[in-house]
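# Observations on the three-dimensional arrangement
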Amino acid sequence: MCSTAILPVPLAAVPADRAPYGPLRPAAGQRAPWRPLRRRAGLPARILSGTSMTKLRQFPSGGAIRAARMRPVDLFILCGVVALFYLVARVGASTDQPFRPGNPPAVSTDPGNLPYYAARSVLRMFAGLVPAVLFTFVFGTWAARSRRAAKVIVPAIDILQSVPVLTFLSITVTGFVALFPHSTLGLECASVFAVFTALVWNMALAFYQSLATQPRELDEAARLMGLTRWQRFWKLDVPSGMISQVWNGMISFGAAWFALSASETISVNHRDNALPGIGSYVAQALDDGEGARVGLAVVVMIVTVVSVNFFFWRPLTAWAERFRTEECEIAEQPRSWFLQLLRRSTLPGHLARALRPAGERLDRAMRVLGTGRGRLRHDAARRRAADIAFTVLYTAAVAAIVWKAFSYVLAHVPLPEIGHDALLALVTYGRVLLLVAFSTVVWVPIGAWIGMNPKVNRIAQPVVQVLASFPTNFVFPLAVVVLGASGISLNWGCIVLMALGAQWYVLFNVIAGAGAIPGDLREAAADLGLRGWLRWRKLILPAVFPSYVTGALTASGGAWNASIQAETVSYGTTTLTAFGIGAYIQQATTDGDFARNFLGAVLMSVYVVVINRLFWRRLYRFAMKRCSL
Amino acid sequence: MNTSVISVRTLRKTFPAPSGGVLPVLDDVTFDLYEGEVIALLGKSGSGKSTLLRHVAGLLAPSGGTVHYRGTPVTGPNPGTAMLFQSFALMPWLTVQQNVELGLQARGVHAVERRGRALRAIDMVGLDGFENAYPKELSGGMRQRVGFARALVVEPDVLLMDEPFSALDVLTAQTLRNELLDLLAHPDSPTRTALLVTHSIEEAVQLADRILVLDTGPGRVKAELRVALPRPRDRRDPGFEALVEDAYEALTGRRTMAAPDDAVAQDPLRVAGPLPDVSVEALTGLLEFLDTRGGSLDLAALGDALSYELDDLMPLVEAAQLLGYAKVTASRLHLTTTGRGFARADILPRKHLFAAAALANVPLIATIRTLLLASAGGRLREPYLVGRLCGHVPEHAARRQLATAVTWGRYAELYEYDADDRVLLLPAEHRPANAA
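It should be emphasised that the depicted structure is a prediction, and the values quoted were computed from it without experimental measurement.

We now examine the overall build of chain A. Scanning chain A from terminus to terminus reveals 22 helices and four strands. For chain A, with 629 residues in total, the buried portion stands at 43%. About 32000 Å² of surface is accessible on chain A, with carbon and sulfur atoms providing 67% of the total.

Have a look at this one:
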């Protein structure tokens, strides 16, 4: 939050008759003279003048001049769009193949297939993103608008977002395959669903929170103007939640890659269900023991992750900046070369103009949804009665489901085994704890160092982001070779495997936190002669603490998820198994043992939720209270 | 002229307090807003003036009483009104034109007509050429002009204004006030009636035909001032100055104190009057300033000289009175002898003087000190004190008062505070030897 600069001029200084009057109209492109130009920290002057150039372009009126003729860049973009449509149609058409259980679609490890497989995987990712956005819009809005819905939806999503995605994979695969018995479409759906679950909870919760914390005066303005529900959603709700939507989507995409590559090759009930994709390519190459091809696939994967970032998430985050509500400029504005290119094109303008009449018609048609939140008076007695009825029904439903699940599990799993499983979960928890401790010791100092050196930071940050969104389960099986050679048990080795993916969250959050330490504080510390350990203890560590907690929380979530893949690894004919709940779930999945799979998933979820509540959230609250800058 | 556009009858509003029970904000407010009239609701912060405005807008449901718009009870967003907000409340992702068109779009006005009306409104407020600018690119004053255009484009019957100029610097605010008057007085203007919430007395006198002065906690109309000065109004005009002084008097005078009943009188914590939320530095600054001006100054002149609005000035004046450092007689602030001594003292003696004044005049601080001296380890838990204060005032007010008492007491070195454990402590040298 920043305050508006107030001119300290005493009232008496104003000429009594009239203050300077008349329309205040500075020359085009010039700032009003009384408004201090706020320099954005960390941006060289060249870029500042660049932004004022873009503003200049908006005078006199946006598209009027540009609309006149096509530009070379338009041709370029047009070709890109056509190529994209062609690719989607080509790749998408092959998703519906005949499929007989027992004869899964073959995955060839011919490197020539890699681009096609990568395209299939990317398509699945975006196919998962679309329903995730829709779900977010529907349930986020519903929870924010209905008091009672919020009581169910918000806690449910909150728990679901800390449940490891992979735990329920086999259950969903079985369900979807049953839905499309003679086509690979069922497997495709299961895979897309895995992506969906990796993305949706974060996004939905973020959207709900942005609705709940909407600026009060904007809400009042919208109500007083009498915006229809449809108008309010598109003019206020979606824009005000846009930034958190985009960022959460981008961050969750890393977890989604992980879920995707796992879901492409899941084996349920001793049947391998391989879908053509980059994840299954790697799995096949590993089965065949073809190390070079695995390496090639890893390179292709990195290229894919980087290009999705470059062509999709970067432009989107840069574009979303226009939806920032507070007046302050953030330290480093996300920029995207690709977005600049799109902005130079006249095509988006043409498209917008062409669609405007349709938008108008839709706006009219949607008036049937009515105007929300107008009613002021509620019948208190009726409201309370409805509340009670709702609570009773809800509690009964939850109790029935819990009892049903409980008795189902008890019928299939002997009681002592449940106790044993709880021990398994405890062991895995120990691994997660070790991993977080290890990441802390290693990455906090390095991250802080990187964050405080802008030069290093500029190079390191994109690299770390790629590392964090790279599905490391690709390389797990290679551990078999290493562990086999070194003689280390997987019980310890899998900690390293889990860390491969999870540790980066600690690193990049600490980098961000250290980068945000105000220059004033650093200068003050230097001025006081703080050096060495004292400087770390009194300045750096407290300053990065809140972002460290966020990173460590995310890292431990990622580690739980990874444990399912990391505690059982196989390469060629060798399979290693560790003692832990992850291996237990994996085994149950392979056996098609629904009850054990479910039990394992529930146990893991309970651990995660309880630890989050008891430990991480408290630590986070403390961090925000004591160390937030 | 005599048609009542908005009529408010015995309006009452309570909010649920966090500790249970209710917190009264408005109590028994009755007034009429007549056609072509501008009313200013004037009050200190916490007088519920913005809450009152939101009832007229139909954004809040009254706990009792009614609001009527031209004879129809208001049960939802009031269709005859449009509002100007303190923070402008423009959608940052829409251009100026899109912002102005939004209200028309909500009413289902067709695109072509909408565009024409919006452009005329933008032209009218002098923002021609900025149609495609985003609010971020505009200065505060220009943003509020967009606010004008957005409110006036729907041709509301009544214009509601919630401190529309308080986020602007002094010169810009003055310009916009004059322009607002011109817009409302324009012969073609369909909007001639307005309700303004402000904490600036001068703004009220300059803009309004009538000023309703609201009392604090719970808000009720405690005075009504008629402004019969011709426009444009000159702030150096004797009539103008007299009205400003009347308003100050209405705001400061006649503090209505409920007689404490027996149960309350027995608890020394509860008889403590409300503590103004003021920093010691600001108070010191005020007293020093007063001393340099000969120890006596009109409140209006003081507000002018410091460029302070009511919300900034009144708590300071109350604190100075409470501590016995100053007196108010007929809207003039006088420094007392102790006040002068305090203003002229050095840093450390000043602390001792402040300690003495606080112990003598602020029952809450004196009681905390007594309780601390009487307690075994020289410690008191903060929640305990909040709990005892809560019986008398709502919880958030209790917390705020205690926070002020803690700050004052810490400054005076009467006690210390440990934020981690939320305990108050005697200073180490006064603590009993056996305490850790």
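Further notes follow.
Along its length, chain B carries 16 helices and 16 strands. Projected onto its principal axes, the C-alpha positions of chain B cover 85 × 50 × 45 Å. Looking at the 436 residues of chain B, the share that counts as buried comes to 56%. Here the contacts in chain B between residues at least 6 apart in sequence split such that 68% fall between residues at least 24 apart.

The next point concerns the side chain of E37(B). All names here are of chain B. Within the fold, E37 resides in the loop between β2 (22-34) and β3 (38-42). For E37, the side chain forms a polar contact with the side chain of R210, separated by 2.7 Å. Excluding residues within four positions of it along the chain, E37 makes contact with D32, R192, T193, A194, D209 and R210.

All names here are of chain A. On the surface, R314, R335, K455 and R458 cluster together to form a positively charged patch. Topologically, R335 is positioned in the loop between α11 (291-320) and α12 (337-344). Assessed through its relative accessible area of 42%, R335 is described here as partly exposed.

All names here are of chain B. Along the chain, the position of L119 falls in helix α3 (residues 111-124). The sequence separation of L119 and V100 amounts to 19 residues, and the corresponding C-alpha distance is 8.6 Å. If we skip the residues at most four places from it in the chain, L119 touches Q97 and E131.

All names here are of chain B. Residues of helix α12 (residues 337-344) that are buried include every one of G339, F342 and A343, and no others. Axial view of α12: buried residues confined to an arc of 100°, hence all on one face. Set apart from the buried face of α12 by more than 90 degrees, the exposed residues are T337, T338 and R344.

Grouped together as the largest cluster of nonpolar side chains are 176 residues, with contacts concentrated most on W257(A), I581(A), I6(B), V8(B), L52(B) and L195(B). Setting aside anything within four residues of it in sequence, one finds I6(B) in contact with F31(B), D32(B), L33(B), V56(B), V67(B), H68(B), Y69(B), N78(B) and V158(B). L275(B), V280(B), F342(B) and F354(B) belong to the second largest nonpolar core, which has 109 residues in total.

Moving on, we get to the domain arrangement of chain B. Residues and elements named next belong to chain B. Here chain B is partitioned into domain 1 (4-251) and domain 2 (266-430). When each unit is reduced to the centre of its C-alpha atoms, the spacing between domain 1 and domain 2 is 35 Å. Interface area, domain 1 with domain 2, both sides summed: about 1400 Å², of which 60% is carbon and sulfur. The three residues of domain 1 that bury the most area against domain 2 are K44, H199 and Y248, which together make up 40% of that side's buried surface. Inspection of the region where domain 1 meets domain 2 yields one salt bridge. E318 is the salt-bridge partner of K44, the closest N and O atoms lying 2.9 Å from each other. Counting across the domain 1 and domain 2 interface gives one residue pair in polar contact (both at pLDDT 80 or more). Of all elements in the fold, only α6 (201-207) and α7 (238-252) reach the threshold of two or more residues within the side of domain 1 that touches domain 2. In terms of residue count, α7 provides more of the side of domain 1 that touches domain 2 than any other element does, five residues in total.

Analysis parameters
- In this convention, every chain numbers its residues from 1, walking through the sequence in written order.
- Here chains are named by letter from A upward and ligands by number from 1 upward, in the order in which they appear as written.
- Thresholds applied to this predicted model are a pLDDT of at least 70 for local features of residues and 80 or more for the giving and counting of side-chain atom pairs; totals over whole chains, interfaces and linings are not thresholded and use all residues.
- The side-chain values count all of the structure's non-hydrogen atoms but skip hydrogen atoms and water molecules.
- Secondary structure elements follow DSSP: runs of H or I no shorter than four residues count as helices, runs of E no shorter than two count as strands, and numbering proceeds from the N terminus.
- Exposure categories follow from relative accessible area, calculated using a 1.4 Å probe and restricted to protein chains: below 20% of the type maximum is buried, above 50% is exposed, and the middle band is partly exposed.
- Using a 1.4 Å probe, accessible areas were evaluated by the Shrake-Rupley method; residue-level cover was limited to the displayed protein chains.
- Whether two residues are in contact is decided by their heavy atoms: any pair within 4.5 Å suffices.
- Side-chain atoms alone can form a polar contact between residues adjacent in sequence; in general such a contact is a pair of N or O atoms within 3.5 Å, and within protein one must be able to donate a hydrogen while the other accepts it.
- The residues that make up patches have over 30% relative accessible area and no salt bridge, and they are joined within 9 Å when like-charged or within 5 Å when they are Val, Leu, Ile, Met, Phe, Trp or Tyr.
- Salt bridges are identified by distance alone: a Lys or Arg side-chain nitrogen within 4 Å of an Asp or Glu carboxyl oxygen.
- The convention is simple: Lys and Arg are positive, Asp and Glu are negative, and His and the chain ends are not counted.
- For this purpose, a charge sits on NZ of Lys, CZ of Arg, CG of Asp or CD of Glu.
- What the arc measures is the spread of directions leading from the helix axis to the C-beta atoms.
- Nonpolar cores were defined as sets of buried Ala, Val, Leu, Ile, Met, Phe, Trp, Tyr and Cys residues, with membership established by side-chain atoms within 4.5 Å.
- Domain start and end points were adopted from an automatic or database domain assignment.
- Note on terms: buried area is the combined drop in 1.4 Å-probe accessible area of two parts once they are placed together, counting the loss on both.

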